[in-house]
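For reference, the chains in residue letters:
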Amino acid sequence: MLRYAVKRLGSLAVSLIVASLVIFACIEVVPGDPASFMLGINAQPDTVEALRNELGLNKPLVERYFSWVGGLVTGDLGTSYTYRSPVSEIVSERLVISIPLALFALSLTVLIAFPVGVLAATRRGSFTDVTVMGATQLGVAIPNFWFALLMVLVFAINLRWFSAGGFPGWDAGFLVAMKALTLPAVALALPQASILARVMRSSLLDTLSEDYIRSARAKGLTTRQTLWRHALRNALIPVLTIIGLQFSFLLAGAIIIENVFFLPGLGRLVFQAISQRDLIVVESVVMLLVFAVIVVNFLVDLAYAWVDPRLRGRA
Amino acid sequence: MSLLSIKGLCLSIHGTEILKDVFFDIAPGEICGVIGESGSGKSLTAFSVMQLLPRGAETSGEIRLSGLDVLAARESELCRMRGSDLGMVFQEPMTALNPVQTIGAQVAETILIHQDVSKAEAMARAAETLERCELPNDRFPLGRYPHELSGGQRQRVVIAMAIALQPKLLIADEPTTALDVTTQAEILRLLKRLVDEDDMGLMLISHDLAVVTDLADHIVIMKDGEVVETGEAATLHKSMQHPYTKALFEASGHQPDRTATRIEAPLLSVEGVIRDYALPRTSLLGPPGHFRAVDAVSFDIRRGECLGLVGESGCGKSTLTRAILGLDPIQGGRITLDGRDIHSDAEVRQKMQVVFQDPFGSFNPRHRVARLVGEPFYRLGRSATEAEIDDALVSVGLTPSDKYKYIHEFSGGQRQRIAIARALIIKPELIILDEAVSALDVSIRAQILDLLVDLSVDHGLTYLFITHDLTVVRTIADRILVMQNGRIIERGDTETLFDAPTQPYTRRLLDAAPRLPHV
């Protein structure tokens, strides 16, 4: 197991280096000059030159790459061109919303999807199964911003249980902050839960038709015992893959939901930075997201090995 | 008093009648062989006793297991019965164990769910049970996972799971069909020993008459969901009345009529062939290891000959086949077909074709038979003509209209005929049959063997017949090579080799093969 983890860690490091090279190349090398791109077509040549100096674009390529990577490692991500403040500050302000929101939404996703998927699989073909499949089909098909608007209408405007948007900050108290994140998390979770429930159902159905399930029944286990002791853990392998993908999506893909609920999250930051051509912020946030995706994949790999002993011997 | 008594058992699944009036008894300590071909209802009879039937199943009649009326019992009573009074061993040991649990945990589970004992005690008893099943604890600790064991070892774990609580009746459903001949003999010996030690009843289900006749006290022959004949195992071959039983005995010992003419010039020549597989590096920068799967193998096949290649699983038979077909590179030696090197001259490879074991997995299910059979022509840069496809199908006993069908519309035997048609269509000279009849029922196997012999005469074909089944190879091969650990350890004419084997390994293989009494 340790050997497997070390090997996965090695491949994580290689992925990070390759990703940093690709991002650096995309933004700094090809095509054209970042400074003139950031300032737009009407910029004066001396303003562009000043920005080039500020950004260090006149230094050699290799030096720029290493100073950027060095900055990433030490937490110095440079200064935002539009906000005029350190990128690390701006990003960490956004992360304290985006990470809890993503974790909250992911927990809801798992909490909804597991029981629903298991229920549908164990009652295959029944009314419950058909209802669940229909509901999850709707959940996958309907865009999450529409759910979000609907929930604002019902829970914020009519029932007044939640506020319609905004974030009071963690200083206002944990419960108050979580309450502000509840509707966005539910809006994010519903489509993801629908997907995950369907994956859970089909994976469990595959597992339940395996020979070792029959062996377990022949030992005298009840259907319920067979499900808990033998089927679930085996059914988890494809489910873990989907959970990994969903977390990465929830971290960065919440732009629309953040806009609907006026949340100053990472998604909105990227969106604004791109529209304001603030490449320094874009570069840092993209690297951060890549880092998150790679780390999540590493954790998923470890989870695979925990679930499936056959993987531990390999790398 | 009998331990298991089945009377008038009828079973239908979604309205389709599967079992009709099945009856037989098993006494304590008795081994009852239940024999029939695929689809005869023998496995569903076992599952009816276990009451682990698929959805939509309806049963009537009577099944009594040491007094318990199984068909009337509640699910909770059945759960108590399964595992404690009644154990079951399945055909496919590779998939019958949970891949994510240790073997110790899986054997101990049988004890834990039926008895109020601590986990440590259950594990200790699991270790004893595995020991009884000849998996000693020092070599097979309880923490092993199924993927770390071979097929035969896994089957021992499945048996240990089934007998952990010393049940009164053990049902073994084709327990050795997936295993090679020596492992089969060991597993059968183990079952026999357990029956004797625990005075347990054993329902031994098989399609192979020879496997069961050696071991059973009593035999039940099933066909199309009915019991057609029952009798004492020792005398059934003399007392049998039903034509189906006679046909089964005939098919098991079927000897195709071979009158092929051989020409001395070799068609395929294998000279000192070496095939190595790379193993993963043991350290980051260390050299990769290698495993020699085929070690300096040399032999010739003469035109018109049928050469048998036998050995246990893992001896290198399939690796050698892949090398001969030119699918894998070789690390030493030379393979020539008709005097031309098959690795440097790809053209010559169209003179050989192959038929694989699995008639279910070796066809693309989305293509019609015409396309499947015509496939070898794609390499020749043209497609098969209608007439060529019809000829190939007719020559294997199918009809031209079969070319419009999909593969799922055919039975296992018909699929194997289609595989042979696919091999025949470009008129090859050599056909490699890789366990080509191993998955078939005895009567189908007899038909396919007859077909192969007829084709070899009509088309002047040469065969390389690869198998682990010595009974079959004896009926069809002219000469035999015995392979062990990547080497050919013995070779000779079929009769000489069977009558007077010189190597201990060959003798062991021959002794392990189950034999039918002469009818």
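All values derive from a computational prediction rather than experimental measurement.

**Quick word on the overall build of chain B**
Link 1 in the chain: Across its full length, chain B holds 17 helices and 20 strands.
Link 2 in the chain: Radius of gyration (C-alpha) of chain B: 25 Å, near the 24 Å computed for a compact globule of 519 residues.
Link 3 in the chain: By its C-alpha atoms, chain B is 70 × 60 × 45 Å across when sized along the principal axes.
Link 4 in the chain: A sequence separation of at least 24 residues applies to 69% of the contacts in chain B between residues at least 6 apart.
Link 5 in the chain: When the accessible surface of chain B is split by element, carbon and sulfur atoms take 49% of a total near 21,700 Å².
Link 6 in the chain: Looking at chain B, you have 54 positive and 71 negative side-chain charges, and the mean spots of the two groups are 5 Å apart.

**Considering the sheet that holds strand E10 (residues 226-232) of chain B**
All names here are of chain B.
Link 1 in the chain: Pairing is mixed across the open sheet formed by six strands, whose spatial order is E6-E7-E8-E3-E9-E10. Strands at the two margins of the open sheet, each flanked by one partner only, are strand E6 (86-89) and E10. Pairs of neighbouring strands in the sheet enclose a mean axial angle of 15 degrees, with direction left out of account.
Link 2 in the chain: Sheet analysis places strand E9 (residues 218-223) next to E10, joined by six bridges and oriented antiparallel. Paired with histidine 218 across the two strands is glutamate 232, which belongs to E10.
Link 3 in the chain: Helix H5 (residues 151-163) contacts E6 and strand E7 (169-173) of the sheet and is inclined by roughly 170 degrees relative to E6.

**Brief notes about the domain arrangement of chain B**
Residues and elements named next belong to chain B.
Link 1 in the chain: As assigned here, chain B comprises domain 1 (4-252) and domain 2 (267-280 + 287-512).
Link 2 in the chain: If you average the C-alpha positions of domain 1 and of domain 2, the two centres end up 34 Å apart.
Link 3 in the chain: Across the contact, eleven residues belong to domain 1 and 14 residues belong to domain 2.
Link 4 in the chain: When domain 1 packs against domain 2, close to 1,200 Å² is buried across both sides, 52% of that on carbon and sulfur atoms.

**A short note on the environment of Leu309(B)**
Residues and elements named next belong to chain B.
Link 1 in the chain: Note that leucine 309 resides in strand E13 (residues 306-310).
Link 2 in the chain: Considered as a pair, leucine 309 and alanine 477 are 168 residues apart in the sequence and their alpha carbons are 9.1 Å apart.
Link 3 in the chain: Setting aside anything within four residues of it in sequence, one finds leucine 309 in contact with Lys317, Leu320, Leu464, Phe465, Ile466, Thr467, Leu481, Met483 and Ile488.

**So, the packing of helix H5 (residues 87-122) of chain A against helix H8 (residues 174-208) of chain A**
Residues and elements named next belong to chain A.
Link 1 in the chain: The contact between H5 and H8 brings their axes to 5 Å, and the two run at 35 degrees. Judged by the sense of rotation from one axis to the other, the crossing of H5 with H8 is right-handed.
Link 2 in the chain: Grouping the amino acids of the contact of H5 with H8 by side-chain chemistry returns 29 nonpolar, four polar and one charged.

**Some thoughts on the domain arrangement of chain A**
Residues and elements named next belong to chain A.
Link 1 in the chain: You can read the domains of chain A as domain 1 (9-74) and domain 2 (94-312).
Link 2 in the chain: Between the C-alpha centres of domain 1 and domain 2 the distance comes to 34 Å.
Link 3 in the chain: Across the boundary between the two partners, domain 1 contributes 17 residues, which contact 13 residues of domain 2.
Link 4 in the chain: Both sides together, the interface formed by domain 1 and domain 2 hides about 1,400 Å², and carbon and sulfur atoms give 82% of it.
Link 5 in the chain: Viewed at the interface, domain 2 and domain 1 are joined by zero salt bridges.
Link 6 in the chain: For the interface between domain 1 and domain 2, the tally reads one residue pair in polar contact (both at pLDDT 80 or more).
Link 7 in the chain: Taken together, the elements giving at least two residues each to the side of domain 1 that touches domain 2 come down to helix H1 (2-29), helix H2 (34-39) and helix H4 (61-74).
Link 8 in the chain: For the side of domain 1 that touches domain 2, a count of residues per class yields 13 nonpolar, three polar and one charged.

**Details of helix H3 (residues 45-55) of chain A**
Residue and element names in this part refer to chain A.
Link 1 in the chain: Every buried residue of H3 is accounted for by Val48, Leu51 and Arg52. Buried residues in H3, looked at end-on, bunch into an arc of 105 degrees, giving them a common side.
Link 2 in the chain: Packed against the buried residues of H3 are H2.
Link 3 in the chain: Just past H3, the residue glycine 56 takes up positive phi, approximately 75 degrees.

**Quick word on the pairing of strand E19 (residues 479-484) of chain B**
Residue and element names in this part refer to chain B.
Link 1 in the chain: Burial within E19 is extensive, with five of its six residues counted as buried.
Link 2 in the chain: Across six bridges, the pairing between E19 and strand E20 (residues 487-493) is antiparallel. Looking at the pairing, leucine 481 lines up with arginine 491 of E20.
Link 3 in the chain: Once E19 ends, the chain turns through two residues before running back antiparallel as E20, passing asparagine 485 with a positive phi of about 45 degrees.

**Some thoughts on the interface of chain A and chain B**
Link 1 in the chain: In this assembly, 23 residues from chain A lie in contact with 29 residues from chain B.
Link 2 in the chain: Of the roughly 2,200 Å² buried between chain A and chain B, counting both surfaces, carbon and sulfur atoms make up 54%.
Link 3 in the chain: In terms of surface lost to chain B, no three residues of chain A exceed Arg214(A), Ala218(A) and Lys219(A), which account for 28% of the buried area on that side.
Link 4 in the chain: Counting every contact that joins chain A to chain B gives three salt bridges.
Link 5 in the chain: One salt bridge in this structure joins Glu109(B) and Lys219(A), with 2.7 Å as the shortest N-O distance.
Link 6 in the chain: Taken together, chain A and chain B are joined by 14 residue pairs in polar contact (both at pLDDT 80 or more).
Link 7 in the chain: For the side of chain A that touches chain B, the secondary-structure elements that each account for two or more residues are helix H9 (211-218), helix H10 (223-252) and helix H14 (309-312) of chain A.
Link 8 in the chain: A per-element tally of the side of chain A that touches chain B places H9(A) first, with six residues.
Link 9 in the chain: Its residues placed into classes, the side of chain A that touches chain B shows five nonpolar, seven polar and eleven charged.

**Here we look at the sheet that holds strand E5 (residues 68-69) of chain B**
All names here are of chain B.
Link 1 in the chain: Spatially, four strands are ordered E2-E1-E4-E5 in an open sheet, and the strand pairing comes out antiparallel. Two strands lie at the open edges of the sheet, namely strand E2 (16-26) and E5, each paired on one side alone.
Link 2 in the chain: Alignment of strand E1 (residues 4-13) against E2, held across seven bridges, turns out to be antiparallel. Residue isoleucine 13 lies in a different strand from E2, and its bridge partner there is threonine 16.
Link 3 in the chain: Relative to E1, helix H1 (residues 42-50) is tilted by about 110 degrees, and along the sheet it contacts E1, E2 and strand E4 (57-65).

**Considering unusual backbone geometry**
All names here are of chain B.
Link 1 in the chain: Positive phi, normally seen in glycine, also occurs at glutamine 166, with a value near 45 degrees.
Link 2 in the chain: Looking at the secondary structure, you find glutamine 166 in the loop between H5 and E7.
Link 3 in the chain: In this structure glutamine 166 comes out as partly exposed when scored by relative accessible area, which is 48%.

**A closer look at empty space enclosed by the protein**
Link 1 in the chain: Following the criterion strictly, the structure yields two cavities of 30 Å³ or more and no others.
Link 2 in the chain: Approximately 60 Å³ is the volume attributed to the largest cavity.
Link 3 in the chain: As for the largest cavity, its lining consists of Ser215(A), Ala218(A), Lys219(A), Gly83(B), Gly87(B), Met88(B), Phe90(B), Thr110(B), Val158(B), Met161(B) and Ala162(B).
Link 4 in the chain: Those elements that provide at least two residues to the lining of the largest cavity are H9 of chain A together with E6 and H5 of chain B.
Link 5 in the chain: Take the lining of the largest cavity: its biggest share by element is three residues, from H5(B).
Link 6 in the chain: Considering only residue class, the lining of the largest cavity consists of six nonpolar, four polar and one charged.
Link 7 in the chain: There is about 50 Å³ of room inside the second largest cavity.

**Let's talk about the nonpolar core**
Link 1 in the chain: Residues Leu204(A), Phe261(A) and Val285(A) are the most contacted members of the largest nonpolar core, which totals 75 residues.
Link 2 in the chain: There are two domains that each give this core at least three residues, and those are domain 1 (9-74) and domain 2 (94-312) of chain A.
Link 3 in the chain: Filtering out sequence-adjacent residues up to four positions away, Phe261(A) remains in contact with Ala148(A), Val152(A), Ala164(A), Gly165(A), Gly166(A), Leu183(A), Pro184(A) and Ala187(A).
Link 4 in the chain: With 58 residues, the next largest nonpolar core counts Ile31(B), Ala122(B), Ala126(B) and Leu202(B) among its residues.

**Focus on the pairing of strand E14 (residues 332-337) of chain B**
Residue and element names in this part refer to chain B.
Link 1 in the chain: Where E14 lies against strand E15 (residues 340-341), two bridges are found, and the strand directions are antiparallel. By the bridge assignment for E15, threonine 336 is matched with aspartate 341.
Link 2 in the chain: Between E14 and the antiparallel strand that follows it, E15, lie two residues; aspartate 338 among them carries a positive phi value of about 55 degrees.

**What about the layout of surface pockets?**
Link 1 in the chain: If you add up the space inside the second largest pocket, you get close to 1,200 Å³.
Link 2 in the chain: Lining of the second largest pocket is provided by 31 residues; of these, Leu208(A), Ile213(A), Arg217(A), Thr223(A) and Arg55(B) occupy positions nearest its centre.
Link 3 in the chain: Residue assignment for the lining of the second largest pocket shows that the elements contributing at least two residues are H5, H8, H9 and H10 of chain A together with E4 of chain B.
Link 4 in the chain: Broken down by class, the residue content of the lining of the second largest pocket amounts to 16 nonpolar, seven polar and eight charged.

About the cut-offs
- Residues numbered from 1 in each chain as written.
- Chains lettered and ligands numbered in written order.
- Predicted model: local features only at pLDDT ≥ 70, side-chain atom pairs only at ≥ 80, totals over all residues.
- Heavy atoms only, no water.
- Helix = DSSP H or I, 4+ residues; strand = E, 2+ residues; numbered from the N terminus.
- Rg over C-alpha atoms; globule rule 2.2 N^0.38 Å.
- Contact = heavy atoms within 4.5 Å.
- Areas by Shrake-Rupley, 256 points an atom, 1.4 Å probe, with all protein chains shown as cover.
- Lys, Arg positive; Asp, Glu negative; His and termini not counted.
- Charge placed at Lys NZ, Arg CZ, Asp CG, Glu CD.
- Pairing = 2+ DSSP bridges.
- Axes fitted to C-alpha atoms, helices over the stretch in contact; angles between N-to-C directions.
- Domains from an automatic or database assignment.
- Buried area = accessible area lost by both parts, 1.4 Å probe.
- Left-handed = near helix turned anticlockwise from the far one by under 90°.
- Nonpolar A, V, L, I, M, F, W, Y, C, P; charged D, E, K, R; others polar.
- Salt bridge = Lys/Arg side-chain N within 4 Å of Asp/Glu carboxyl O.
- Polar contact = N/O pair within 3.5 Å; in protein donor to acceptor, adjacent residues only side chain to side chain.
- Buried < 20%, exposed > 50% of the residue type's maximum accessible area, 1.4 Å probe, protein only.
- Arc of directions from axis to C-beta.
- 1 Å grid on protein atoms, 1.4 Å probe; cavity = no way out; pocket = protein on both sides within 12 Å on 5 of 7 lines; lining within 4 Å.
- Points joined across faces, edges and corners; volume = space filled by probe spheres on them.
- Core = buried A, V, L, I, M, F, W, Y, C linked by side-chain atoms within 4.5 Å.

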